[in-house]
Amino acid sequence: MRVGSAVQYDRYGGFDVVDLVPQERPEPGPGDVVVEVVAAGLNHVERFLREGKLRDHVDLTFPAHQGVDFAGIVRARGKEVRDLKVGDEVMGHAPEGGAHATWIRVPRGAVVKKPEHVGWEVAGGLYLAGATASTIVRGLRLGPEDTVVITAAAGGVGHIECQLAHDAGATVIALGSPRNHDYLRQIGTLPVAYGDGEEDRIRSIADGRPITAFIDNHGGDRETGLAARLGVPAERVVSSEDRRDVEIRFLRAPAEDEEARDLLTMLAKAVQDRRVQVLISGFYPFEYIVDAYEDLAEMRSRGKVVIGMQTVETGARLDWYRSEKARDLRDRYAEQRGSDTETMAGGSASPSA
């Protein structure tokens, strides 16, 4: 296969600016690899970037290409690349975006080998959420004496933070919707529901232990005030703005960034060793990418939303690749827009259609 497709947009905006354009397989430069993408992750910060909400933080050149996380198979390599061969399975990041495509050309330093026992979906969605979560948790230097509150704890970044904090020995109090509480217990946290009385519920479940750290993945004055009322020292509060800055740092990390590469290698090993389990709540075929974006935009996704480029099933059986949540979303959109189910499921080859 020499021809594929890529997501492209030529102006800031919502889903209406997204196009799926033809893509020929690129040729590698001397230090590059060309990867056939198998799976790629979606991230809120990339949606905010496309919508123009981060234009004061990240420069975009149009036409722009979305997607930073990916995993796939090396199909070509430059003459200076000695330690990878055609056919190797890799995972990595696209420093300038463009992972939501059949092919991605990146410098050799932007990829690491994918461990055999890390699935494609997890490998394709690990980089940005994982690097962000790891950097935040490491920065707090958590240990067995700590009790940390994490908001939006079941989200893409939050659920990895919870596991890394638990792995460091901390007691983790996870703020989240009641529908996520069973899952949050499964990853070693003490779940608490949002809303009136949450401060009292946190103190009760802490059972006398002081709250020593606070990670806000949700944003807003309510969380900032909650951390202060719980007596968390300011230097051990990670705000949503702090998280945004970390995400932007890794969103555009250059290929030669050793920290980004080391973090991805560490995270892949943690997944392989089952110290971290990345939850994939939505897995969509590439041609359903607008549905995947809409799923993410609901701001209710548990874990990660990922697209797969090489799904095997076709036709009606594409639903094998969609979570129950995703099917429910599709049906609701169809009812709201007065369209048939197949149209809203992404039956057109172009997301902008």
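Residues numbered from 1 in each chain as written. Predicted model: local features only at pLDDT ≥ 70, side-chain atom pairs only at ≥ 80, totals over all residues. Heavy atoms only, no water.

Asks: How should I be thinking about the overall build of the protein in this particular structure?
Replies: Regarding its fold elements, the protein presents 12 helices and 14 strands. Sequence separation of 24 or more characterises 71% of the internal contacts of the protein that already satisfy a separation of 6 or more. Summed over all atoms, the accessible surface of the protein reaches about 15500 Å², with 48% contributed by carbon and sulfur. (Helix = DSSP H or I, 4+ residues; strand = E, 2+ residues; numbered from the N terminus. Contact = heavy atoms within 4.5 Å. Areas by Shrake-Rupley, 256 points an atom, 1.4 Å probe, with all protein chains shown as cover.)

Asks: Any chance you could explain the packing of helix 3 (residues 127–140) against helix 4 (residues 158–167) here in plain terms?
Replies: Working note: a packed helix pair is described by the angle between its axes plus the distance between those axes. Where helix 3 contacts helix 4, the two axes come as close as 9 Å, and the packing angle between them is 40°. Viewed along their axes, helix 3 and helix 4 adopt a mutual orientation that is oblique. Crossing geometry of helix 3 relative to helix 4 is assigned as right-handed. Contacts between helix 3 and helix 4 pair Ala-129, Gly-130, Ala-133, Ser-134, Ile-136 and Val-137 from the former with Ile-160, Glu-161, Leu-164 and Ala-165 from the latter. Per-class residue counts for the contact of helix 3 with helix 4 are seven nonpolar, two polar and one charged. (Axes fitted to C-alpha atoms, helices over the stretch in contact; angles between N-to-C directions. Parallel < 35°, antiparallel > 145°, perpendicular 65-115°, else oblique. Left-handed = near helix turned anticlockwise from the far one by under 90°. Nonpolar A, V, L, I, M, F, W, Y, C, P; charged D, E, K, R; others polar.)

Asks: It is not clear to me how the packing of aromatic side chains should be interpreted in this structure. Could you clarify?
Replies: Each aromatic ring pair is characterised by the separation of its centres together with the angle its planes make. By the definition in use, this model includes four aromatic pairs. Taking the centre distance of 6.1 Å and the plane angle of 65° together, the rings of Tyr-9 and Phe-62 count as edge-to-face. Taken as a pair, Tyr-9 in the loop between strand 1 (3–8) and strand 2 (19–24) and Phe-62 in the loop between helix 1 (44–50) and strand 4 (69–77) lie far apart in primary sequence, 53 residues in all. The exposure class assigned to Phe-62 is partly exposed, which follows from its relative accessible area of 31%. An aromatic cluster is present here, built from Tyr-9, Tyr-12 and Phe-62 joined pairwise through their rings. A cation over a ring is seen here: Arg-25 above Trp-103, with NZ or CZ 5.5 Å from the ring centre. When the ring centre of Trp-120 is taken as origin, the NZ or CZ atom of Lys-114, which lies over that ring, is 4.6 Å away. (Phe/Tyr/Trp six-rings, centres within 6.5 Å; stacked < 30°, edge-to-face > 60°. Buried < 20%, exposed > 50% of the residue type's maximum accessible area, 1.4 Å probe, protein only. Lys NZ or Arg CZ within 6 Å of the ring centre and 35° of its normal.)

Asks: Would you explain helix 8 (residues 240–251) in this entry?
Replies: An α-helix turns once every 3.6 residues. As a result, residues three or four positions apart point the same way. Between its first and last C-alpha atoms helix 8 spans 16 Å; for 12 residues at 1.5 Å apiece the expected length is 16 Å, and the two agree. Restricting attention to buried positions, one finds in helix 8 the residues Ser-240, Arg-243, Val-246, Glu-247, Ile-248, Phe-250 and Leu-251. Where the residues of helix 8 are buried, they touch helix 1, helix 3, strand 12 (237–238) and helix 9 (258–272). (Expected span 1.5 Å × (residues − 1).)

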